[in-house]
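Survey of secondary and tertiary structure
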Amino acid sequence: DVVLTQTPLSAPVTLGQPASISCRSSQSLVHSDGNTYLSWLLQRPGQPPRLLIYKISNRFSGVPDRFSGSGAGTDFTLDISRVEAEDVGVYYCTQATQFPQSWTFGQGTRVEIK
Amino acid sequence: QVQVVQSGAEVKKPGASVKVSCKTSGYTFTHYYIQWVRQAPGQGLEWMGRIHPDSGDTKYAQKFQGRVTMTRDTSIRTAYMELSGLRSDDTAVYYCARDREAFDVWGQGTMVTVSS
């Protein structure tokens, strides 16, 4: 089974400063159809998760452009160019190499303001 | 406007079953998978399985095989997740989400508490 490992698990950040979260996979996430179904979710306290980035680097509708995704193969990154107060929460990477058969999640990275 | 609305909180005794509903609107229900994910208190997200509303085809995570059943009623655009043989460690928030190559629209979550 594919295991996603996120680092760091906790990220205290200063408002207005950048933040970066890594998601490393135990095996290549390239699907047999050529796509890589790696996405990023944000879960604010007390809320359901919401989609930020899909297929590595595509921003979902309404997501601010300070969020960006990158990577390939087994190594992926979510970058926030300038952290705002509303960005606080837990970030999860998720993948489906066997899309649509199954999905797995990283452990989550908690972003908080210093 | 795409919406996914789940049924309300449940309290169940160990050994019982729970059935959570996931009512959709604003898009063609039969076009996209519905995924089910749960989150135990203070924990991360755990994939449970999925259903294709058109065919009814299901795939369950191995951990839940034999205990979970996912169904749908296309006439009312609603998906269901039933979990049987409840244990205390099934206490969690259960989410459904539309799968359009990513979990793009989520329900609000249904808290299921298992307690004697």
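Summary of the structure given here. Throughout this document, residue positions are counted from 1 along each chain, in the order its sequence is written. To label them, take the chains in the order written and letter them from A, then take the ligands in the order written and number them from 1. The predicted nature of this model means local features are confined to residues of pLDDT at least 70 and side-chain atom pairs, given and counted, to a pLDDT of 80 or more, with totals for whole chains, interfaces and linings taken over all residues. Note: side-chain values were computed over all heavy atoms of the structure, leaving out hydrogens and water.

Residues and elements named next belong to chain B. Tracing the sequence through the fold places Arg38 in strand E4 (residues 33-39). Each residue is assigned to one of three classes by its accessible area relative to the maximum for its type, calculated with a 1.4 Å probe on protein chains only: buried under 20%, partly exposed between the two thresholds, exposed over 50%. Overall, Arg38 belongs to the buried group, its relative accessible area being 6%. Here a polar contact is recorded for every N or O atom pair within 3.5 Å, except that within protein the pair must consist of a potential hydrogen donor and a potential acceptor, and residues adjacent in sequence are included only if both atoms are side-chain atoms. Polar contacts involving the side chain of Arg38 include one to the side chain of Asp90, which spans 2.8 Å. The residues touching Arg38, leaving out its near neighbours within four places in the chain, are Gly44, Leu45, Glu46, Met48, Lys63, Phe64, Leu83, Asp89, Asp90, Ala92, Val93 and Tyr94. Helix and strand assignments come from DSSP, with helices taken as H or I runs of at least 4 residues and strands as E runs of at least 2, each series counted from the N terminus. The contact criterion used throughout is that any non-hydrogen atoms of two residues lie within 4.5 Å.

Residues and elements named next belong to chain B. Two strands pair if DSSP finds at least two bridges between them. The 4 strands lie next to each other as E1-E3-E8-E7, forming an open sheet whose pairing is antiparallel. For this open sheet the edge positions go to strand E1 (3-6) and strand E7 (68-73), each flanked by a neighbour on one side alone. Put simply, the sheet's adjacent strands are angled 20 degrees from each other on average, direction ignored. Examined bridge by bridge, E1 and strand E3 (residues 18-25) share 4 bridges and lie antiparallel to one another. Paired with Val4 across the two strands is Thr24, which belongs to E3. Working convention: axes come from line fits to C-alpha atoms, limited for helices to the stretch in contact. Angles between N-to-C directions cover 0 to 180 degrees.

The next thing to look at is the environment of Ala85 of chain A. Residues and elements named next belong to chain A. You can see Ala85 is positioned in the loop between strand E8 (75-80) and strand E9 (89-95). According to the relative accessible area criterion, Ala85 is exposed, its value standing at 54%. For the pair Ala85 and Ile113, spaced 28 residues apart in sequence, the C-alpha separation works out to 7.2 Å.

Counting residues at the interface gives 21 residues for chain B, matched by 19 residues for chain A. Each partner contributes to the roughly 1,700 Å² buried at the junction of chain B and chain A, and carbon and sulfur atoms together form 64% of this total. Summed over both partners, buried area is the accessible surface (1.4 Å probe) that two parts give up on being assembled. If you sort the residues of chain B by the area they bury against chain A, Leu45, Glu101 and Phe103 of chain B come out on top, with a joint share of 36%. Any Lys or Arg side-chain nitrogen found within 4 Å of a carboxyl oxygen on Asp or Glu counts as a salt bridge. In this assembly, chain B and chain A are joined by 1 salt bridge. Measuring nitrogen to oxygen at the nearest pair gives 2.9 Å for the salt bridge that ties Glu101 of chain B to Lys55 of chain A. Where chain B packs against chain A, one counts 5 residue pairs in polar contact (both at pLDDT 80 or more). Only E4, strand E5 (46-51), strand E9 (92-99) and strand E10 (103-106) of chain B provide two or more residues apiece to the side of chain B that touches chain A. Here the element with the most residues in the side of chain B that touches chain A is E4 of chain B; it accounts for 4 residues.

Residues and elements named next belong to chain B. Inspection of the secondary structure puts Tyr95 in strand E9. With a relative accessible area of 5%, Tyr95 lands in the buried category. Between the C-alpha atoms of Tyr95 and Glu46, which are 49 residues apart in sequence, the distance is 9.9 Å.

Counting residues in hydrophobic clusters, the biggest one holds 65 residues, and the most contacted among them are Tyr91 of chain A together with Ile34, Trp36, Met48, Met81 and Leu83 of chain B. Those residues within four positions of Leu83 of chain B in sequence are excluded, and the remaining contacts are Ala16, Ser17, Val18, Arg38, Met48, Phe64, Arg67, Val68, Asp90 and Tyr94 of chain B. Buried Ala, Val, Leu, Ile, Met, Phe, Trp, Tyr and Cys residues that are joined via side-chain atoms within 4.5 Å together make up what is termed a nonpolar core.

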